[in-house]
Amino acid sequence: EKPFGHDTESAAKLSKDLGEIFTEDYLYRIDHYLGKEMVQNLITLRFGNAFLEPIWNRDTISSVTISFKEDIGTMGRGGYFDSYGIIRDVMQNHLMQVLSV
């Protein structure tokens with residue numbers, strides 16, 4: 001569950017604590033947003049399609065537009081957004097992850 005700690009020190013402590021219970025090959029860390037079906041479909045479309053894969057790159061695409069619309073509100077996540085901020089959660093994490101795909 002994210003956030004994985006609230007800063008570098010707490011994230012390192014969580015990793016250390018998990019390492020005392022599990023070996024690294026049993027741990028899988030992924031931001032929940034990358035596991036969403038829409039993002040997974042982008043990855044499949046880009047890398048699993050022999051037609052698109054060679055042309056979907058920086059040499060042939062001049063612009064990328066990513067739109068974010070959340071019509072469901074914070075739904076009880078207000079405390080999280082107050083302490084960590086929606087800009088950090090959405091802009092820094094989710095939208096940059098989609099852009100990297």
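Thresholds, definitions, all that
- Numbering of residues starts from 1 in every chain and runs along the sequence as written.
- Where local features are concerned, this predicted model is filtered to residues with pLDDT of at least 70; where side-chain atom pairs are given and counted, the filter is 80 or more; whole-chain, interface and lining totals use all residues.
- Excluded from the side-chain calculations are hydrogens and water; all other atoms, namely the structure's heavy atoms, are used.
- Each helix corresponds to a stretch of at least 4 residues labelled H or I by DSSP, and each strand to a stretch of at least 2 residues labelled E; elements are numbered beginning at the N terminus.
- Relative accessibility under 20% of the residue-type maximum defines a buried residue, over 50% an exposed one, and the middle range a partly exposed one, all with a 1.4 Å probe and only protein chains included.
- Two residues qualify as a contact provided that any one of their heavy atoms is within 4.5 Å of a heavy atom in the partner residue.
- Polar contacts, as counted here, are pairs of nitrogen or oxygen atoms within 3.5 Å of one another; within protein the pair requires one atom able to donate a hydrogen and one able to accept it, and residues that are adjacent in sequence qualify only if both atoms are side-chain atoms.
- We count a salt bridge whenever a side-chain nitrogen from Lys or Arg sits within 4 Å of a carboxyl oxygen from Asp or Glu.
- For patches, a residue must show more than 30% relative accessible area and have no salt bridge; joins then use 9 Å for like charges and 5 Å for nonpolar side chains, namely Val, Leu, Ile, Met, Phe, Trp and Tyr.
- Residue exposure ignores everything except the shown protein chains as possible cover, and the areas themselves are Shrake-Rupley values with a 1.4 Å probe.
- A cavity, in this analysis, means grid points on a 1 Å lattice covering only the protein atoms where a 1.4 Å probe fits yet has no way out; a pocket is instead an open set bounded by protein on both sides within 12 Å along at least five of seven lines, and a residue lines either one if it has an atom within 4 Å of a point.
- Grid points are joined across faces, edges and corners, and a volume is the space filled by probe spheres set on the points.
- Ten residue types, Ala, Val, Leu, Ile, Met, Phe, Trp, Tyr, Cys and Pro, are classed as nonpolar, four, Asp, Glu, Lys and Arg, as charged, and the remainder, Gly among them, as polar.
- Values of pLDDT, the confidence the predictor places in each residue, fall between 0 and 100.

Observations concerning the overall build of the chain
Each helix and strand in the chain was counted, giving four helices and zero strands. When the helices and strands of the chain are placed in sequence order, the string is α-α-α-α. Taking all 101 residues of the chain together, the buried fraction comes to 18%. Here the contacts in the chain between residues at least 6 apart in sequence split such that 56% fall between residues at least 24 apart.

Looking at the side chain of R46
Looking at the secondary structure, you find R46 in helix 2 (residues 37–47). Within polar-contact distance, the side chain of R46 engages the backbone oxygen of W56 at 3.3 Å. Here R46 is in contact with L52, E53, W56 and V101, once residues within four sequence places are set aside.

As for the pattern of salt bridges
Within the structure shown, the criterion is met by two salt bridges. The partner of D17 in a salt bridge is K13, with the nearest N and O atoms 2.9 Å apart. Remark: K13 and D17 occur in helix 1 (residues 8–21); sequence separation between them is four residues, near one turn of the helix. Under the relative-accessibility criterion, D17 is labelled partly exposed at 28%.

Let's talk about a nonpolar patch on the surface
On the surface, I61, V64, I66, M96 and L99 cluster together into a nonpolar patch covering about 430 Å² of accessible area. Topologically, L99 is positioned in helix 4 (residues 86–100).

Remarks on the layout of surface pockets
What the second largest pocket holds in volume is close to 270 Å³. What lines the second largest pocket is L42, R46, W56, N57, R58, I61, V64, I66, V98, L99 and V101. When contributions to the lining of the second largest pocket are tallied by element, the ones reaching two or more residues are helix 2 and helix 4. Across the lining of the second largest pocket, the residue classes break down as eight nonpolar, one polar and two charged.

Here we look at the confidence of the model for the chain
Put simply, the chain has an average pLDDT of 77, and 71% of its residues get 70 or more. Mean pLDDT per element in the chain: helix 3 (residues 78–84) is the minimum at 62, and helix 1 is the maximum at 90.

Comments concerning the environment of T65
Its location among the elements puts T65 in the loop between helix 2 and helix 3. What makes T65 exposed here is its relative accessible area of 68%.

With respect to the environment of N57
Within the fold, N57 resides in the loop between helix 2 and helix 3. Overall, N57 belongs to the partly exposed group, its relative accessible area being 23%. With 11 residues separating them in the primary sequence, N57 and R46 have C-alpha atoms 9.4 Å apart. Engagement of the side chain of N57 in a polar contact is seen with the backbone nitrogen of D59, the distance being 2.8 Å.

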